[in-house]
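Close look at the chain arrangement
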Amino acid sequence: MKITELFERGEFVVSAEVGPPKGIHIEHLLEEAKTYLKGVTAVNVTDNQSSVMRLGSLATCKALKDEGLLPIYQLTCRDRNRIALQSDLLSAAMLGIDNVLALTGDHIKLGDHKGAKPVFDLDSVSLLHTICKLEAGEDLGGNKLVGEPPKFAKGAVVSPCSDSVDSQLAKMERKVRAGAEYFQTQAVYEPEKFIEFMEKAKQFGKPVQLGIVILKSAGMAKFMNDNVAGIHVPQDMIDELKADKEKAKAGITGVEIAARIIKECKPYCQGLHIMALGWESKVPSLLEQAGI
Amino acid sequence: MLITQLKSKETITSLVNGKKIFIINCQGCKEVHFPEKEAAEFQKELAADGKVTGTITTDYICNPENMKLRLEKHMSEIKAADLVLVFSCGVGVQTIAEYLEDKTVCAACDSCRLPGFQGVTPLEYDCGQCGECYLNLTGGICPITACSKSLLNGQCGGAKNGKCEVDPNMECGWERIYRRLEKIGRLDALKSPVQIRNYATDDEV
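Cut-offs used in this document
- Residues numbered from 1 in each chain as written.
- Chains lettered and ligands numbered in written order.
- Predicted model: local features only at pLDDT ≥ 70, side-chain atom pairs only at ≥ 80, totals over all residues.
- Heavy atoms only, no water.
- Helix = DSSP H or I, 4+ residues; strand = E, 2+ residues; numbered from the N terminus.
- Rg over C-alpha atoms; globule rule 2.2 N^0.38 Å.
- Buried < 20%, exposed > 50% of the residue type's maximum accessible area, 1.4 Å probe, protein only.
- Contact = heavy atoms within 4.5 Å.
- Lys, Arg positive; Asp, Glu negative; His and termini not counted.
- Charge placed at Lys NZ, Arg CZ, Asp CG, Glu CD.
- Pairing = 2+ DSSP bridges.
- Salt bridge = Lys/Arg side-chain N within 4 Å of Asp/Glu carboxyl O.
- Core = buried A, V, L, I, M, F, W, Y, C linked by side-chain atoms within 4.5 Å.
- Arc of directions from axis to C-beta.
- Polar contact = N/O pair within 3.5 Å; in protein donor to acceptor, adjacent residues only side chain to side chain.
- Buried area = accessible area lost by both parts, 1.4 Å probe.
- Axes fitted to C-alpha atoms, helices over the stretch in contact; angles between N-to-C directions.
- Left-handed = near helix turned anticlockwise from the far one by under 90°.

1. Focus on the overall build of chain B
Assigned secondary structure in chain B consists of 8 helices and 7 strands. Against the compact-globule benchmark of 17 Å for 205 residues, chain B has a radius of gyration of 16 Å, which places it among compact chains. With respect to the three principal axes, the spread of C-alpha positions in chain B is 45 × 40 × 35 Å. The buried share of chain B, taken over its 205 residues, is 53%. Relative to all contacts within chain B whose residues are 6 or more apart in sequence, the contacts with residues 24 or more apart total 68%. Side-chain charges of chain B comprise 24 positive and 28 negative groups, with the mean position of each set lying 4 Å from the other.

Below, the structure is given as structure tokens:
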């Protein structure tokens, strides 16, 4: 099933993200997904996230699908040229994976193979364009595909609390023009900035899923403030996490904060995307507290 | 070595599009083969329309100090133009665009790589010698060399406080491009069709 069908029906679509392991044992990931992500409609599978080599996104998507979950195949342009990307898209369609999230990808320098070649033959925009071409029955070289072409729900990302929001909106528009049908956002901690962004983004008429990362500690919040693009955790949230360290460690504070953000932003967006970063077990209580 | 080739007449004509132009030719650099004859012929055609406010032919515009001295004498002609059309390699165009930050500065040539010594250029500006120059879509800032991922269709989500995710001392190339386009009133350039780089160009030279 395509996630876009749910948006069309007016559903508030909730997805969560899982990261494949550095190895071939996937049982733990599947067990966690089945146990904790029951209340979630779709599961994003990251593609060598942060440029760290791991089990493939496509294989993990297939394993999740076999367990009855709805996977979203994250596809980055960092590691593959246009031939490999198109081939992997055809492979995905053949396996019945029809939700794709097109990303440029983090730079190689952020990962664990710093001497690798950064490919970036395409980028998020030209990848979306490429998917549309395949859907029209032709590859990027202008050659006809044999038989029925693939059809995907095409997602993309945007960073609503970025310090260069106008530039982000311009890129979002480019993605829409290239074929993006829905958006997932970078983690949001400043609802007022998100709402302001949505006021500007609604001109594109595409559903947007609010991005949420549950805060694990004050240290994590500070680390993200210093290092992660498009994220700013306000000081009062950091103080809240500091106030009761045990409560924060147990995940109670992080879930409370996330639930508040969701409640505040929900009227302005069309869905929710949770990046649990190992805290998949907190997802059910988050959804409950947020009233979803 | 590198070769500069004139962009197609249609491409340049659509850039000029009835605007008043000031022309800068950069010739004389030993590392670059410049299409002198073709450029001169084409510039005659441009001048026939009566829209050329001035022309200079010089060398090493990639040297900012040298370039400023040459341009200063022609500032009134440059100010009278809507567009500055530069016939040079990519480094030359970038140097001019940085100096004339309020003007639309366009590349009339593509730069193609040839084996051998690449010449001496300032570190701030670099030309990828891609064969198809993107400077006219990006306000004269090269997305190939100013962006660590050489992205052609806008910034990634990796910049933090305007700095690249790869190097906190490197400004995000696409944020620079956005600011420049905003300054020269050319944000519409961001709506240009999806760009995909053609790596085959080298073989076609």
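Additional details are given in the paragraphs that follow.
2. Focus on the sheet that holds strand β3 (residues 32-33) of chain B
Residues and elements named next belong to chain B. In space, the 3 strands of this open sheet follow the order β3-β1-β7, with mixed pairing throughout. Of all the strands in the sheet, the pair left with one neighbour each is β3 and β7 (109-113). As paired elements, strand β1 (residues 2-6) and β7 share 5 bridges and run antiparallel to each other. Directly across from leucine 6, in β7, lies its bridge partner cysteine 109.

3. Observations concerning the pairing of strand β2 (residues 21-26) of chain B
All names here are of chain B. For β2, the tally of buried residues reaches 6 of 6 residues, placing the bulk of the element in the interior. Going residue by residue along β2, you find Ile21, Ile23 and Asn25 tucked away on one face and Phe22, Ile24 and Cys26 tucked away on the opposite face as well. Pairing geometry for β2 and strand β5 (residues 83-87), over 5 bridges, is parallel. Its bridge partner lying in β5, isoleucine 23 is registered against leucine 85.

4. Overview of the pattern of salt bridges
All names here are of chain A. Evaluation of the coordinates by the stated rule reveals 30 salt bridges over all chains. The closest approach of N and O atoms between glutamate 135 and lysine 154, which form a salt bridge, is 2.9 Å. Here glutamate 135 is found in helix α5 (residues 124-135), whereas its partner lysine 154 is found in strand β5 (residues 153-158), with 19 residues between them in sequence. Salt bridges here are not isolated pairs; linked through shared partners, they connect Glu135, Lys151, Lys154 and Glu181.

5. Concerning the nonpolar core
Among the nonpolar cores identified, the biggest contains 83 residues, and Leu64(A), Met172(A), Tyr189(A), Leu210(A), Val233(A), Ile274(A) and Leu286(A) are the most heavily contacted of them. The residues touching Tyr189(A), leaving out its near neighbours within four places in the chain, are Val213(A), Leu215(A), Met224(A), Ile231(A), His232(A), Val233(A), Pro234(A), Met237(A) and Ile261(A). The next biggest cluster of nonpolar side chains, apart from the first, holds 24 residues, and it includes Ile61(B), Met67(B), Ala81(B) and Val105(B).

6. Points about the environment of Ala81(B)
Residue and element names in this part refer to chain B. Tracing the backbone shows alanine 81 in the loop between α4 (75-80) and β5. Along the chain, alanine 81 and lysine 103 lie 22 residues apart, while their C-alpha atoms are 8.7 Å from each other. If near-sequence neighbours (up to four positions away) are discounted, alanine 81 is found in contact with Lys20, Ile21, Phe22, Thr53 and Lys103.

7. Some details on helix α3 (residues 64-72) of chain B
Residue and element names in this part refer to chain B. The complete set of buried residues in α3 reads Pro64, Asn66, Met67 and Leu71. Down the axis, α3 shows its buried residues gathered within 160° of arc, on one side only. Turned more than 90 degrees away from the buried face of α3 sit Glu65 and Leu69, all of them exposed. The inward-facing, buried residues of α3 contact β2, β4 (52-58), α4 and α5 (90-99). Regarding α3, its N-cap is asparagine 63, as a side-chain oxygen of that residue lies 3.1 Å from the backbone nitrogen of glutamate 65 further along.

8. Thoughts on the interface of chain A and chain B
Facing 34 residues of chain A, the contacting portion of chain B comprises 28 residues. For the chain A and chain B pair, buried surface summed over both sides reaches about 2,400 Å², with 50% attributable to carbon and sulfur atoms. At the boundary of chain A and chain B, one finds 1 salt bridge. Two residues, Glu173(A) and Lys191(B), come together in a salt bridge whose shortest N-O distance is 3.5 Å.

9. Describing the packing of α3(B) against α5(B)
All names here are of chain B. Packing of α3 against α5 leaves a shortest axis separation of 11 Å and a crossing angle of 65°. Considering only the axes of α3 and α5, their crossing is right-handed. The segment α3 lies against α5, with Pro64, Met67, Lys68, Leu71 and Glu72 engaging Thr95, Ile96 and Tyr99.

10. Here's the deal with the environment of Gly205(A)
Considering the arrangement of structural elements, one finds Gly205(A) in the loop between α7 (191-201) and β7 (208-213). For the pair Gly205(A) and Glu190(A), spaced 15 residues apart in the sequence, the C-alpha separation amounts to 22 Å.

11. Quick notes on the sheet that holds strand β8 (residues 271-275) of chain A
All names here are of chain A. Pairing in this closed barrel of 8 strands is parallel, and the strands run β1-β2-β3-β4-β5-β6-β7-β8 around the ring. Strand after strand, the sheet turns through a mean of 25° between neighbouring axes, direction not considered. As judged from the 5 bridges shared by strand β1 (residues 13-18) and β8, these two strands associate in the parallel manner. Within β8, the position partnered with alanine 16 by the bridge is isoleucine 274.

12. A short note on unusual backbone geometry
Residues and elements named next belong to chain A. The backbone of asparagine 48 shows a phi angle near 45°, a positive value even though the residue is not glycine. Overall, the relative accessible area of 17% leaves asparagine 48 in the buried class. One non-glycine residue, serine 50, adopts positive backbone phi at about 60°. Along the chain, serine 50 falls in the loop between β2 (42-45) and α3 (57-66).

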